[in-house]
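Spelled out, the chains give:
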Amino acid sequence: MIFEKCIKVQSFFSILPQDWQESILPLWEDYKSSTECFVLNEANEIVAGGLVFTKCPLDMFYALEEANTYFEKGYKYLGFIYVSESRRGQNLGSFWLNSLKEMYPETKFWLTIEDLNLHHFYVKNGFLYVKTLHHGEQKEGLYLYPN
């Protein structure tokens, strides 16, 4: 299993669920200069990955002031973290996060999650739940690392 920066991000985007692709693909031209993609590659197949943003992604504009506060404090935003369904339960998400933290040992990260069932996963990986953000009917948990 290799953790690496993904230059051909379309190969990562292709493993994402369709609704995720529809969220990121139209905006990628705006984000690619301030966003890095990292993947787990096994036998030339991307099995997991995610994006590291240094500016606020459009889906977080509803909390732009808060997002900018974290960016100004040196945090990077983690988004679109995904493990292929066939590879879940193998600690690949934790491996991806730990590899990223090792690559950027002095960097602070923040993220939000819509699926609150992932709370335990992020806490287990050193993230601290800060609060719940509200976007219309949608709720998202906001997490920081290091806590």
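The notes below deal with the structure included here.

Rules used in this analysis
- Residues numbered from 1 in each chain as written.
- Predicted model: local features only at pLDDT ≥ 70, side-chain atom pairs only at ≥ 80, totals over all residues.
- Heavy atoms only, no water.
- Helix = DSSP H or I, 4+ residues; strand = E, 2+ residues; numbered from the N terminus.
- Rg over C-alpha atoms; globule rule 2.2 N^0.38 Å.
- Buried < 20%, exposed > 50% of the residue type's maximum accessible area, 1.4 Å probe, protein only.
- Contact = heavy atoms within 4.5 Å.
- Areas by Shrake-Rupley, 256 points an atom, 1.4 Å probe, with all protein chains shown as cover.
- Expected span 1.5 Å × (residues − 1).
- Salt bridge = Lys/Arg side-chain N within 4 Å of Asp/Glu carboxyl O.
- Polar contact = N/O pair within 3.5 Å; in protein donor to acceptor, adjacent residues only side chain to side chain.
- Pairing = 2+ DSSP bridges.

## Focus on the overall build of the chain
- Within the chain, the secondary structure is distributed over six helices and seven strands.
- Along the chain, from the amino end to the carboxyl end, the secondary structure elements read β-α-α-α-β-β-α-β-α-β-α-β-β.
- A globule of 147 residues ought to have a C-alpha radius of gyration of about 15 Å, and the chain, at 14 Å, matches this closely.
- Each principal axis of the C-alpha distribution contributes one length, and for the chain these read about 40 × 35 × 30 Å.
- A buried classification covers 47% of the 147 residues belonging to the chain.
- Summarising the internal contacts of the chain: among those between residues at least 6 apart in sequence, 66% fall at separations of at least 24.
- For the chain, the computed accessible surface area is about 8100 Å², with 49% contributed by carbon and sulfur atoms.

## Side note on helix H5 (residues 92–103)
- Across its twelve residues, H5 extends 16 Å between first and last C-alpha, which sits within 8% of the 16 Å expected from 1.5 Å per residue.
- Every buried residue of H5 is accounted for by Leu92, Gly93, Ser94, Trp96, Leu97, Ser99, Leu100 and Lys101.

## Things to note about the pattern of salt bridges
- Throughout the structure, instances matching the rule amount to four salt bridges.
- Between glutamate 36 and lysine 5 there is a salt bridge, with its nearest N and O atoms 3.1 Å apart. Here lysine 5 lies in strand S1 (residues 2–5) and glutamate 36 lies in strand S2 (residues 35–42), a separation of 31 residues in the sequence.
- Overall, the relative accessible area of 44% leaves lysine 5 in the partly exposed class.
- Here lysine 32 and glutamate 29 are joined by a salt bridge, their closest N and O atoms 3.1 Å apart.
- Given the relative accessible area of 57%, glutamate 29 is considered exposed.

## Remarks on the side chain of glutamine 21
- Take glutamine 21: it is sitting in helix H2 (residues 18–24).
- A distance of 2.7 Å separates a polar side-chain atom of glutamine 21 from the backbone oxygen of leucine 16.
- The residues contacting glutamine 21, other than those within four sequence positions of it, are Phe13, Ser14, Leu16 and Pro26.

## A closer look at the pairing of strand S7 (residues 138–145)
- Judged from the five bridges that link them, strand S5 (residues 108–113) and S7 form a sheet pairing that is antiparallel. When the bridges of S7 are listed, isoleucine 113 appears paired with glycine 141.
- In the sheet, strand S6 (residues 128–135) pairs with S7 via seven bridges, with the strands oriented antiparallel. Looking across to S7, one finds that threonine 132 is bridged to glycine 141.
- Two successive antiparallel strands, S6 and S7, enclose a turn made up of two residues, where glycine 136 displays a positive phi of approximately 65 degrees.

## What to know about the environment of glycine 136
- Relative to the elements of secondary structure, glycine 136 occurs in the loop between S6 and S7.
- On a C-alpha basis, the gap between glycine 136 and tyrosine 62 in space is 9.5 Å, while along the polypeptide they are 74 residues apart.

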